[in-house]
Amino acid sequence: MKYLAPIVFFIFFVACKPTQQWSGQGPINVVSTKDKPIETQVYRDFDLGDGFFISNKMEGGRLNDAKRVNDTLIEVMILPENQPINPSPWYAFKMWSEEEKQLWIRLTYPQNGFHRYYPKINKRGLYYKKLDSAAFHPHYKTLEDGRRQIEFAEAKVWVGPDTLWIAAQDFAGTAYVERWKGKILENDFVEKIEIGQSKEGRPLEILKIGEADDQKMLMAISLQHPPEIPGFLALKSFVETLCEDSPQAKKFRSKYNLYVMPLMNPDGVARGHWRHNVGGVDTNRDWINFNQPEPKALAEFMESKVRETGGEFVFAADFHATWEDIFYTINEDLDGNHPGLIPKLIKRSSRKIPGYDPNIRPSEGMERGVTSSSYFFFVHGAEAMTFEVGDNTPRRLIRQKGETTARELMRILNRK
């Protein structure tokens, strides 16, 4: 097979949502994936006076500085791990006060220029919910092309002796992935496999789901990019459906083994990075050179499975999050191990969701590129896609998309 042309790079700005479907990403240049320096944030509690404290001392935390502007306004500064970087300005921190009080928190991004993620809050450190819209004030600026963009944002919160957490997405840190993996491992047909370690020594782990002979295999991954938690939520629903105690799922697991790596970038997630691992690299640009341990470990695992078993990977999906829901697929003129699987899967699963019109963007390239999906297809022949979930896609719809994709995949492959 030929190699896929460089796939895509993130479009920086979203203004008002267009009436037509979002065009998604444009072509990118191949970039170096050798280690680059990162700026390690200092973890500390900021004492801002009057009995109020704000802190980034939490796994997944991101808060680089904080200052009191006046009695009711606190300004925080959010910086990336290094530059240049995709504009995914992740933030996560906690606060408390000796006395109950109402405060405004101003989120600023001096090295990025705009606010992206709508604030999520919780009072127990586990499950987050969206901040009430009446308590959120975006401040816009007008770009040269006339579009409006949120330059910074302010969130109104009640703070007291009980800790209040605020984050860019539903969860922060690796703990929620580990808890979920623990639940999945309660099934007797699931096995955990350590395939390597990250730069900071965190285990790189895969879940094997199924009782087949590895002649037909599937791969699913998520969280190459730390803030893209909606993508993990879609993978979570996808995997849980394949683990169901139904005749369809049992038949599927008797014929196919699914390998899942839900936490591709554990260091970046734990450190609260915007995009990169601790090597300062976007790992989804390292699927040719393999300079970073995370993609290298997974590629070596997949290639060893094929060598040892003589089997093949039929399907692979990389779950991400971006501005809006979109599927990035391989050029439809190219065939892998199950020609036509991806278009059929997206079409059939989308029909199960009333009013849902899938946004599909096949690559025009004919050669291998630097992303995971390109590696899965051109090296292994797996019918591959990048399953992108919108930053603000309703969680119910995310669950539906994961579930219906899994059910239709089982229906199609169980017939083989």
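Now for a description of the structure that goes with this document. Numbers given for residues are sequential positions, taken from 1 along each chain in its written order. Totals for whole chains, interfaces and linings use all residues, but because this is a predicted model, local features are given only for residues with pLDDT of at least 70 and pairs of side-chain atoms are given and counted only at 80 or more. Heavy atoms throughout the structure, all of them, feed into the side-chain values; hydrogens and water do not.

Helix and strand assignments come from DSSP, with helices taken as H or I runs of at least 4 residues and strands as E runs of at least 2, each series counted from the N terminus. Mapping His-225 onto the fold places it in the loop between β14 (216-222) and α2 (229-242). For His-225, a relative accessible area of 2% translates into the label buried. Polar contacts here mean pairs of N or O atoms no more than 3.5 Å apart (in protein, one a potential hydrogen donor and the other a potential acceptor; neighbouring residues in sequence count only if both atoms are side-chain atoms). A distance of 3.4 Å separates the side chain of His-225 from the side chain of His-320, its partner in a polar contact. Contacts of His-225, omitting those with residues within four sequence positions, involve Arg-275, Asp-282, Asn-284 and His-320. In this scheme, a residue with accessible area under 20% of its type's maximum is buried, one over 50% is exposed, and one in between is partly exposed, where area comes from a 1.4 Å probe on protein chains only. We call two residues in contact when some of their heavy atoms are within 4.5 Å.

By nonpolar core is meant a set of buried Ala, Val, Leu, Ile, Met, Phe, Trp, Tyr and Cys residues that side-chain atoms within 4.5 Å join together. Counting residues in each nonpolar core, the largest one holds 88 residues, and the members touching the most others are Ile-54, Val-76, Phe-93, Met-95, Phe-238, Val-239 and Phe-315. The element best represented in this core is α2, accounting for 8 residues. Excluding residues within four positions of it along the chain, Val-76 makes contact with Ile-54, Leu-63, Asp-65, Ala-66, Phe-93, Ile-105, Arg-106, Leu-107 and Thr-108.

Moving on, we get to the pairing of β14. In terms of residue burial, β14 counts as a mostly covered element, since 6 of its 7 residues are buried. We call two strands paired when DSSP finds no fewer than two bridges between them. Pairing of β14 with strand β16 (residues 312-322), which is carried by 7 bridges, proceeds in the parallel orientation. Across the sheet, Met-217 pairs through a bridge with Phe-313, a residue of β16. Strand direction decides the pairing type here: β14 and strand β15 (residues 257-261), joined by 5 bridges, are parallel. Pairing of Met-217 across the sheet is with Asn-257, part of β15.

Note on ring pairs: Phe, Tyr and Trp rings are taken, using the six-membered ring of Trp, and paired if centres are within 6.5 Å. Classes follow the plane angle, with under 30 degrees stacked, over 60 edge-to-face and the rest tilted. Using the criterion set out here, one finds 20 aromatic pairs in the structure. Residues Trp-180 and Phe-232 carry aromatic rings whose centres are separated by 5.6 Å and whose planes lie at 90° to one another, so their mutual orientation is edge-to-face. Here Trp-180 is found in helix α1 (residues 175-184), whereas its partner Phe-232 is found in helix α2, with 52 residues between them in sequence. The exposure class of Trp-180 is buried, given its relative accessible area of 4%. Above the face of the Trp-323 ring, Arg-116 is positioned so that its terminal group lies 4.3 Å from the ring centre. Sitting above the plane of the Tyr-118 ring, Lys-130 keeps its charged end 4.8 Å from the centroid. Charges are assigned to positions over rings by a cutoff of 6 Å between ring centre and Lys NZ or Arg CZ, combined with an angular limit of 35 degrees from the ring normal.

Within the open sheet, the 6 strands sit side by side as β1-β2-β5-β11-β7-β8. Their pairing is antiparallel. Each end of this open sheet is capped by a strand with a single partner; those strands are β1 (45-47) and β8 (129-130). Here strand β7 (residues 120-122) runs beside β8; their pairing, made up of 2 bridges, is antiparallel. Within β8, the residue paired with Lys-120 across the bridge is Lys-130.

Let us now look at the pairing of β15. Taken across its 5 residues, β15 has 5 buried, putting it largely inside the fold. Where burial is concerned, the two faces of β15 agree: the one with Asn-257, Tyr-259 and Met-261 and the one with Leu-258 and Val-260 are both buried. Where strand β13 (residues 203-209) lies against β15, 3 bridges are found, and the strand directions are antiparallel. In the strand pairing of β15, Leu-207 is matched with Val-260.

In a packed pair of helices, the relevant descriptors are the angle between the two axes and the axis-to-axis distance. Packing of α1 against α2 leaves a shortest axis separation of 12 Å and a crossing angle of 5°. Between α1 and α2, the angle falls in the class roughly parallel. Here α1 contributes Tyr-176, Val-177, Trp-180 and Ile-184 to the contact with α2, which in turn contributes Ile-229, Phe-232, Leu-235, Lys-236, Val-239 and Glu-240. By residue class, the composition of the contact of α1 with α2 is 8 nonpolar, no polar and 2 charged. Here, axes are lines fitted to C-alpha atoms. For helices the fit covers the stretch in contact, and angles between N-to-C directions go from 0 to 180 degrees. Note on angle classes: values under 35 degrees are labelled roughly parallel, values over 145 roughly antiparallel, values of 65 to 115 roughly perpendicular, and the remainder oblique. All amino acids are sorted into three groups, where Ala, Val, Leu, Ile, Met, Phe, Trp, Tyr, Cys and Pro are nonpolar, Asp, Glu, Lys and Arg are charged, and the leftover types, Gly among them, are polar.

We count a salt bridge whenever a side-chain nitrogen from Lys or Arg sits within 4 Å of a carboxyl oxygen from Asp or Glu. One pass over the full model with this rule turns up 24 salt bridges. When the shortest N-O distance is used, the salt bridge between Glu-75 and Lys-67 registers 3.6 Å. Each member of the salt-bridge network shares a partner with another, and the members are Lys-67, Glu-75, Arg-106 and Glu-154.

With that settled, the discussion passes to unusual backbone geometry. Residues Gln-83 and Pro-84 are joined by a peptide bond in cis, for which omega reads -5°. Relative to the helices and strands, Pro-84 resides in the loop between β4 (73-77) and β5 (92-97). Phi is positive for Asp-50, close to 60°, though the residue is something other than glycine. Within the secondary structure, Asp-50 sits in the loop between β1 and β2 (52-55). The phi dihedral of Asp-214 is positive, around 70°, even though this residue is not glycine. With respect to the helices and strands, the residue Asp-214 is situated in the loop between β13 and β14. Residue Asp-214 is classed as buried on the basis of its relative accessible area, which comes to 6%.

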